[in-house]
Amino acid sequence: MSSASPPSIERRAAELDTIASVLPMDRRDELAELLTDQDIETLRHLVNEGMGANTLRALTSDLAYLQAWSLASTGMSLPWPAPEALALKFVAHHLWDVQKRLTDPHHGMPAKVEDNLRSQGFLRSSGPHAPDTVRRRLATWSTLTKWRGFEGPFGSPALKSAIRLAVRATPRPRKRKSAKAVTGDILSRLLATCNSDSLRDIRDRAILMVAFASGGRRRSEMAGLRKEQLTHEEPIPVGGETPLPSLSIHLGRTKTSGAENDEVVYITGRPVEALDAWLTAARIESGSVFRAIDRWGNVSRRCLDPKAINDIVKQRAKLAGLEPQEFSAHGLRSGYLTEAANRGIPLPEAMEQSRHRSVQQASSYYNSAQRRSGRASRLLD
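Because the structure is a prediction, the values reported are computed rather than measured. (Residues numbered from 1 in each chain as written. Predicted model: local features only at pLDDT ≥ 70, side-chain atom pairs only at ≥ 80, totals over all residues. Heavy atoms only, no water.)

Caption draft 1: Broad picture of the overall build of the chain. Counting its regular elements, the chain contains 17 helices and five strands. Sequence-distant contacts, at least 24 apart, represent 63% of the contacts inside the chain between residues at least 6 apart. Summing over all exposed atoms, the chain offers an accessible surface of approximately 20400 Å²; the carbon and sulfur share of this is 51%. (Helix = DSSP H or I, 4+ residues; strand = E, 2+ residues; numbered from the N terminus. Contact = heavy atoms within 4.5 Å. Areas by Shrake-Rupley, 256 points an atom, 1.4 Å probe, with all protein chains shown as cover.)

Caption draft 2: Just the packing of helix α5 (residues 84-94) against helix α8 (residues 131-147), in detail. Here α5 crosses α8 at 160 degrees, and the two axes come no closer than 11 Å. Here α5 is positioned roughly antiparallel relative to α8, judged by the angle of their axes. The two elements α5 and α8 meet at a crossing, and its hand is right-handed. Contact residues: α5 offers Leu-86, Ala-87, Phe-90, Val-91 and His-94, while α8 offers Val-134, Arg-137, Leu-138 and Trp-141. Its residues assigned to classes, the contact of α5 with α8 comprises seven nonpolar, one polar and one charged. (Axes fitted to C-alpha atoms, helices over the stretch in contact; angles between N-to-C directions. Parallel < 35°, antiparallel > 145°, perpendicular 65-115°, else oblique. Left-handed = near helix turned anticlockwise from the far one by under 90°. Nonpolar A, V, L, I, M, F, W, Y, C, P; charged D, E, K, R; others polar.)

Caption draft 3: Geometry of the packing of helix α11 (residues 199-213) against helix α13 (residues 270-281). Between α11 and α13, whose axes approach to 8 Å, the crossing angle comes to 145 degrees. Here α11 runs over α13; the crossing is left-handed. Contacts between α11 and α13 involve Leu-199, Ile-202, Arg-203, Arg-205, Ala-206, Met-209, Val-210 and Ala-213 on the former and, on the latter, Arg-270, Pro-271, Ala-274, Leu-275, Ala-277, Trp-278 and Ala-281. Taken together, the residues of the contact of α11 with α13 break down into 12 nonpolar, no polar and three charged.

Caption draft 4: Representation of the confidence of the model for the chain in the model. Confidence along the chain averages 82 in pLDDT terms, with 77% of residues attaining 70 or more. Across residues 375-379 the pLDDT falls below 50, and counting only partners more than four positions away or on other chains, this stretch makes three contacts in the model. (pLDDT = per-residue confidence, 0-100.)

Caption draft 5: Looking closely at the environment of Glu-352. Following the sequence through the fold, Glu-352 ends up in helix α16 (residues 347-354). Classification of Glu-352 by relative accessible area gives exposed; the value is 53%. (Buried < 20%, exposed > 50% of the residue type's maximum accessible area, 1.4 Å probe, protein only.)

Caption draft 6: Expanded view of the layout of surface pockets. The volume enclosed by the second largest pocket comes to roughly 590 Å³. Going through the elements one at a time, α10 (184-192), α11, β3 (263-268), α13, α15 (330-342) and α16 are the ones with two or more residues in the lining of the second largest pocket. In terms of residue count, the dominant contributor to the lining of the second largest pocket is α10 (four residues). Grouping the constituent residues of the lining of the second largest pocket by class yields 12 nonpolar, four polar and four charged. (1 Å grid on protein atoms, 1.4 Å probe; cavity = no way out; pocket = protein on both sides within 12 Å on 5 of 7 lines; lining within 4 Å. Points joined across faces, edges and corners; volume = space filled by probe spheres on them.)

Caption draft 7: Focus on the packing of aromatic side chains. Per the counting criterion, the structure on display carries six aromatic pairs. Here the aromatic rings of Tyr-65 and Phe-122 are separated by 6.1 Å at their centres, their planes lie at 75 degrees, and the arrangement is edge-to-face. Of this pair, Tyr-65 sits in helix α4 (residues 53-74) while Phe-122 sits in the loop between α7 (111-119) and α8, and the two are 57 residues apart along the sequence. The exposure class of Tyr-65 is buried, given its relative accessible area of 1%. Of the residues examined, Phe-122 reaches a relative accessible area of 16% and is grouped as buried. Put simply, the rings of Trp-69, Phe-90, Trp-141 and Phe-154 pair up and form one aromatic cluster. Positioned above the aromatic ring of Trp-96, the side-chain terminus of Arg-101 is 4.4 Å from the ring centre. (Phe/Tyr/Trp six-rings, centres within 6.5 Å; stacked < 30°, edge-to-face > 60°. Lys NZ or Arg CZ within 6 Å of the ring centre and 35° of its normal.)

Caption draft 8: Molecular detail of α15. Taking 1.5 Å of rise per residue, the 13 residues of α15 would be expected to cover 18 Å, and the 18 Å separating its terminal C-alpha atoms lies within 8% of that figure. Buried residues dominate α15, accounting for 11 of its 13 residues. Those residues of α15 not exposed but buried are Gly-331, Leu-332, Arg-333, Ser-334, Gly-335, Tyr-336, Leu-337, Thr-338, Glu-339, Ala-340 and Ala-341. (Expected span 1.5 Å × (residues − 1).)

Caption draft 9: Looking closely at unusual backbone geometry. Of note, the bond from Trp-80 into Pro-81 is cis; its omega dihedral lies within 30 degrees of zero at -5 degrees. Here Pro-81 lies in the loop between α4 and α5. Its identity as a non-glycine residue notwithstanding, Arg-283 has a phi of 55 degrees, on the positive side. Examined against the element boundaries, Arg-283 turns out to sit in the loop between α13 and β4 (291-293). For Arg-283, a relative accessible area of 75% translates into the label exposed.

Caption draft 10: Representation of the nonpolar core in the model. In this structure, Ile-249, Trp-278 and Phe-290 are the most contacted members of the largest nonpolar core, which totals 48 residues. Counting residues per element, the ones that place at least two in this core are α10, α11, α12 (219-223), β2 (241-252), β3, α13, α14 (306-319) and α15. Contact partners of Trp-278, with chain neighbours within four places excluded, come to Leu-199, Ile-202, Arg-203, Ala-206, Ile-284, Val-289, Phe-290, Arg-291, Ile-293 and Val-299. (Core = buried A, V, L, I, M, F, W, Y, C linked by side-chain atoms within 4.5 Å.)

Caption draft 11: Examining the environment of Leu-187 more closely. Note that Leu-187 resides in helix α10. Judged by relative accessible area, Leu-187 falls into the buried class, the value being 9%. Once residues lying within four places of it in the same chain are set aside, the contact partners of Leu-187 are Val-182, Leu-208, Phe-212 and Leu-332.

Caption draft 12: Region of the structure containing α14. In this model, α14 (14 residues) spans 21 Å end to end at C-alpha, consistent with the 20 Å of a helix rising 1.5 Å per residue. What α14 keeps buried is the set Pro-306, Ala-308, Ile-309, Asn-310, Ile-312, Val-313, Arg-316 and Ala-317. N-capping of α14 is provided by Asp-305, with a side-chain oxygen placed 2.9 Å from the backbone N of Lys-307. Phi for Gly-321, located one or two positions after α14, is positive at around 85 degrees. (Polar contact = N/O pair within 3.5 Å; in protein donor to acceptor, adjacent residues only side chain to side chain.)

As structure tokens, this is what we get:
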């Protein structure tokens, strides 16, 4: 950790608070100790320049990891610019051969460095990192180096060759973000666990229903949702029955939209009622919609961390008697499209709600559902 004095840490924590609405962080105090004054000034500059919240979140996460790794492996804060040897060390510590590690304990990330990062919560799983994660963090490192006015070693032939050779030595099967889709029947089982009048049940019910009904919103979009993004619309008439409540969610710039686009999705009926019930129960009139609740039932002023959305899905799966490791927040996104396919909703209509830009990606869920129940699979039924 940094040797900065407590007043310096407190000052950096206060500066991080000024951008918390754009850059939600549940580890503010740790980051204030880990990041340097220049790191935080860079983040504040990017916020003022209007960089997207998701991009900023990723940059902050990567920067914090790089700083923690540098301190753990070299005893010093990350240098700017970094020497080529340090970038090569980063690759060697994160991309290694599992089989070779069995016979050579010094291969890969040293145990002391691994234990240090694990104790701080930066490492959760064992084994080498995913190549895409390593490439992304190196890209972040390169980008931040350029923003500081330096040239780094990230385009060097030696580094490119090291990455290429390391990837070959660490084959990893491609896995879905969520092993199982949260389709309508699964969602019903999760919602059945939110059957009390407790704040936590009311909140989790709203999260699950809104995330699914709005097209399978990403966990970062749900965690960062603000009251100011919600607009109640005219109720939807349904025959001679009571009109259904309708609400629009202004997503702004999303992962797949252009910089000037304001993405909007609509939810109708029970999800609107569940969301209104939470806002009323938590007395939320402005700011973050979905917030943490402490053990005494107090609602935080800060938004949930995106990881908390994932944890809620897993916890509700466990309470429903399902295997929690088989589900994640992304299962709501894949589940929405799978359920739409099962119900015969045309792909373009479903994509309007999910805001997928790639027909190939969205149609993969449709193809699986339709192939399983379609005529081609029932030639001998």
